[in-house]
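A structural walkthrough
Chain by chain, the residues run as shown.
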Amino acid sequence: MGSTAVEFKNPATSTLLEVVKARRTYYGLKAESPISDDVIERIVQDSVLHVPSSFNTQTSRIVLLLKEEHKKVWDIAISAMEGLVAAGHVPKEMFENHTKPKLDAFRAAYGTVLFFVDYESLAPIKEKFAIYADKFDPFALESNAMSQYLVWLALEAEGFGANLQHYSPLIDEQVTKTWNLPASWKLDAQLVFGVPTSEPGEKTFEPLENRFKVFGK
Ligand SMILES: Cc1cc2nc3c(=O)[nH]c(=O)nc-3n(C[C@H](O)[C@H](O)[C@H](O)COP(=O)(O)O)c2cc1C
């Protein structure tokens, strides 16, 4: 699987691909950090600034939550899930044995990065390039996903473990209210990070030949 020995012209390419290969989903995390909060902040800021977006529309919005502020987002999720249990939409047993321990594990981490898309900011460009109008929303989400991936890679390169969660729309209203965010920021994903307390699960790979072709080599 991509095992032919090759030599990169730039050692940074090799390092980049090592970081890509090392990134995994870590669920066991603790509330410690191997780096300063300023370094975490820089990683997130750089992803906001330098990840590309279609037509340079810059639609991603990101909120970095650390320590006590991080815990709040998982308290919001726990209380929203408790509401679903009380309303009879989620079985109590499932919540207590499965959902609650999972949410408690996220809460036990060091921080959460909230990734939003501001779709409303696309109104003028949709009007200007009407022919692409239906493409801008998916492009904005793709650009957001690029930011998610970059932050995930960089945090793990710095010694964190992380996992990517999707509790929208369940938590949206409370998130907007708690941090007084603009109503146009639509939550997409939550990246939970902390120092790993357990190894990632086993991962299998579809054979590369089923997923990749090259022509003209
Ligand atoms: C777009 C996307 C959405 C994902 N959503 C979730 C999620 O909601 N909850 C979760 O626990 N993991 C989620 N994951 C993590 C994947 O399950 C995980 O990346 C995949 O199984 C491969 O494992 P690895 O991350 O260890 O390489 C998501 C990953 C991607 C790329």
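Reading the values: the criteria
Residues numbered from 1 in each chain as written. Predicted model: local features only at pLDDT ≥ 70, side-chain atom pairs only at ≥ 80, totals over all residues. UniProt positions renumbered as here; feature names shortened; annotations may be inferred. Buried ≥ 20, exposed ≤ 12 C-beta atoms within 10 Å, placed from the backbone. Helix = DSSP H or I, 4+ residues; strand = E, 2+ residues; numbered from the N terminus. Pairing = 2+ DSSP bridges. Near = placed C-beta within 6 Å. Nonpolar A, V, L, I, M, F, W, Y, C, P; charged D, E, K, R; others polar.

- By the naming in an unreviewed UniProt entry, the protein is Nitroreductase domain-containing protein, taken from Penicillium cataractarum.
- In its Sequence similarities (unreviewed entry) section, UniProt records this for the protein: "Belongs to the nitroreductase family."

Considerations on the pairing of strand β3 (residues 111-118)
- In terms of burial, β3 is a largely internal element, seven of the eight residues being buried.
- Of the pairings in the sheet, the one linking strand β2 (residues 60-66) to β3 comprises seven bridges and is antiparallel in character. The residue of β3 that forms the bridge with valine 63 is leucine 114.

Here's the deal with the site of the ligand
- In the vicinity of the ligand, the contacting residues are Arg24, Thr25, Asn163, Leu164, Gln165, His166, Pro200 and Lys203.
- Counted by class, the shell around the ligand contains two nonpolar, four polar and two charged residues.

Examining unusual backbone geometry
- Backbone torsion omega between serine 168 and proline 169 reads 10°, so that peptide bond is classified as cis.
- With respect to the helices and strands, the residue proline 169 is situated in the loop between β4 (161-165) and α7 (172-178).
- Positive phi values are uncommon outside glycine, yet phenylalanine 55 reaches one of about 55°.
- Residue position: phenylalanine 55 is located in the loop between α2 (37-50) and β2.
- Its identity is not glycine, yet lysine 67 carries a phi of approximately 50°, on the positive side.
- Relative to the elements of secondary structure, lysine 67 occurs in helix α3 (residues 67-86).
- A count of 12 C-beta atoms within 10 Å places lysine 67 in the exposed class.

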